[in-house]
Amino acid sequence: MVATEYSNMPVLAPWPGNHPMSGIQLKVSQTVPFPYKFWARAGAAEAVRDAAVPMKDEAANQIAGRVHMLVVQWRLSRALRGVTERHLEAAEQLLDAVRVKYELGRVEQHDLIRLEVLRDKLADDLVELDRRRDAIAAALNAAAQREPGAPLQLGSEIPIPDAAELDVVRLVEVARQNRPVLAALRGSATAERAQASAMRSEKWPDVTAWAGYRVRLPAGADPGNNFLTAGVSVPIPWASALWKWEEKAQAHEARARSEDARRQGVELNLRGELDAAVVRYQRAIEKSEVYGAKLIPGAQKTLEAAFGSYQVDRAGFAELFSAELTVLEYERAELNARAEAATAAIAIDMLTGRFAPSGEKDTQP
């Protein structure tokens, strides 16, 4: 601090030289904090900075996982469209066969109407799937910062990622190492403790040193010599001041314990979400295999047999219609099971932080 002091001037003659004590003093002072405070303050600031860095990786992890899920939904809509198109063609063929019998008076009109309704419903499903696909494509283009309406070359196959590690305990350990939000909570607790240490360092007194040069003029018998002054001051740490910093330190330590408890709560919730995702993945894999290997081939054979029997009047329309709906339902269920398995595997990767920039896996869809 730089100061100028105009002091000890007579009231009726306020200028230098009218009194031996009068003069103009130039003063420079500097307060030097206790050396330990520098390191404590710097350590607290760095800890606060480091605690905020992992949240950027957590945001990247969430965005990458959601993009992967959108890709699965886009592929699912394409695959469902292919199934719907095939069944729309099959409905048209069945409609031709039933219409011939109807014209011969061998089937009721309501049978013909039921097939027409099924055909119209499948046509409407195609429109719905197209609109859903366009909405997902818009979200993907926006996430990739591409032009609106840019075509996506992703195919209609729904690959199921191989979740090699399905042990929840092991997955929780992987999440503790890779999940950025847990690192952020640990860093936040560390930052609070660093700030508590910095608060306790503030109780050490600062040292203030100063120097002044007093300019004087002759006044009577006084020759008016200039004066030089210097001094050092240290504040007396009263008990109330010491407790003030201790209370602030204890408040930061309380917040650190709160962050530790919040991290433990996040880990418990993470364990439950991982357990649920593993169960969904395993069940979806089982369902996809059962439908793909057993139910769909059996339903297709039933439909072919029912259609052949219907043509020779050995099966009724109800059996034929039911067999057609069963094949449609099973094929859609198999695709949804594959999509569910892929989505569950992506959820496991998100929960364990593998989509984060420092994670274990490639983040390409």
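Note that the structure is a prediction, hence the values are computed from the model and not measured.

**Remarks on the overall build of the protein**
Here is step 1: Within the protein, the regular secondary structure consists of seven helices and four strands.
Here is step 2: Counting from the amino terminus, helix and strand elements in the protein follow one another as β-β-α-α-α-α-α-β-β-α-α.
Here is step 3: In terms of C-alpha radius of gyration, the protein reaches 40 Å, well past the compact-globule figure of 21 Å for 365 residues.
Here is step 4: Oriented by its inertia axes, the alpha-carbon framework of the protein measures out at about 145 × 45 × 30 Å.
Here is step 5: Taken over 365 residues, the protein has a buried fraction of 38%.
Here is step 6: Here the analysis covers contacts within the protein between residues at least 6 apart in sequence; of these, 77% occur between residues at least 24 apart.
Here is step 7: For the protein, the accessible area works out to roughly 21000 Å², and carbon and sulfur atoms hold 57% of it.
Here is step 8: Positive and negative charge centroids in the protein, built from 46 and 50 side chains respectively, lie 7 Å apart.

**Looking at unusual backbone geometry**
Here is step 1: We note that Asn 8 has phi near 55°; this positive angle belongs to a residue other than glycine.
Here is step 2: Within the secondary structure, Asn 8 sits in the loop between strand S1 (2–7) and strand S2 (23–32).
Here is step 3: Overall, the relative accessible area of 43% leaves Asn 8 in the partly exposed class.
Here is step 4: Even without being glycine, Gln 145 reaches a positive phi, approximately 55°.
Here is step 5: Structurally, Gln 145 is set in the loop between helix H3 (109–143) and helix H4 (168–178).

**Describing the pattern of salt bridges**
Here is step 1: Counted according to the given criterion, the structure contains 27 salt bridges.
Here is step 2: The shortest N-O distance in the salt bridge between Lys 37 and Glu 202 comes to 3.8 Å. Taken as a pair, Lys 37 in helix H1 (residues 35–52) and Glu 202 in the loop between helix H5 (180–201) and strand S3 (207–215) lie far apart in primary sequence, 165 residues in all.
Here is step 3: Residue classification places Glu 202 among the buried residues on the basis of a relative accessible area of 14%.
Here is step 4: Between Arg 280 and Glu 340 there is a salt bridge, and its shortest N-O distance comes to 3.2 Å. Here the residue Arg 280 occupies a position in helix H6 (residues 239–311), and Glu 340 occupies one in helix H7 (residues 317–351), the gap between them amounting to 60 residues.
Here is step 5: The exposure class assigned to Arg 280 is partly exposed, which follows from its relative accessible area of 35%.
Here is step 6: Look at Glu 340 and you get partly exposed, because its relative accessible area is 32%.
Here is step 7: Salt bridges sharing common partners tie together Glu 173, Arg 176, Arg 193, Asp 260, Arg 263 and Glu 267.

**Some remarks on the environment of Glu 334**
Here is step 1: Note that Glu 334 resides in helix H7.
Here is step 2: The class of Glu 334 is buried, set by a relative accessible area of 14%.
Here is step 3: Along the sequence, Glu 334 and Ala 284 sit 50 residues apart, while their C-alpha atoms lie 9.0 Å from each other.

**So, the packing of H1 against H5**
Each pair of packed helices can be described by the angle between their axes along with the distance between the axes.
Here is step 1: Closest axis-to-axis distance for the H1/H5 pair is 8 Å, and the angle between their directions is 160°. For the element pair H1 / H5, the angle class is roughly antiparallel. Considering how the two elements wind past one another, H1 and H5 form a crossing that is left-handed. Along the contact surface, H1 presents Tyr 36, Lys 37, Ala 40, Arg 41, Gly 43, Ala 44, Ala 47, Val 48 and Ala 51, while H5 presents Ala 184, Gly 187, Ser 188, Thr 190, Ala 191, Ala 194, Gln 195, Ser 197, Ala 198 and Ser 201.

Rules of the game
- Residues numbered from 1 in each chain as written.
- Predicted model: local features only at pLDDT ≥ 70, side-chain atom pairs only at ≥ 80, totals over all residues.
- Heavy atoms only, no water.
- Helix = DSSP H or I, 4+ residues; strand = E, 2+ residues; numbered from the N terminus.
- Rg over C-alpha atoms; globule rule 2.2 N^0.38 Å.
- Buried < 20%, exposed > 50% of the residue type's maximum accessible area, 1.4 Å probe, protein only.
- Contact = heavy atoms within 4.5 Å.
- Areas by Shrake-Rupley, 256 points an atom, 1.4 Å probe, with all protein chains shown as cover.
- Lys, Arg positive; Asp, Glu negative; His and termini not counted.
- Charge placed at Lys NZ, Arg CZ, Asp CG, Glu CD.
- Salt bridge = Lys/Arg side-chain N within 4 Å of Asp/Glu carboxyl O.
- Axes fitted to C-alpha atoms, helices over the stretch in contact; angles between N-to-C directions.
- Parallel < 35°, antiparallel > 145°, perpendicular 65-115°, else oblique.
- Left-handed = near helix turned anticlockwise from the far one by under 90°.

On their own, these measurements won't tell you what the molecule is for.
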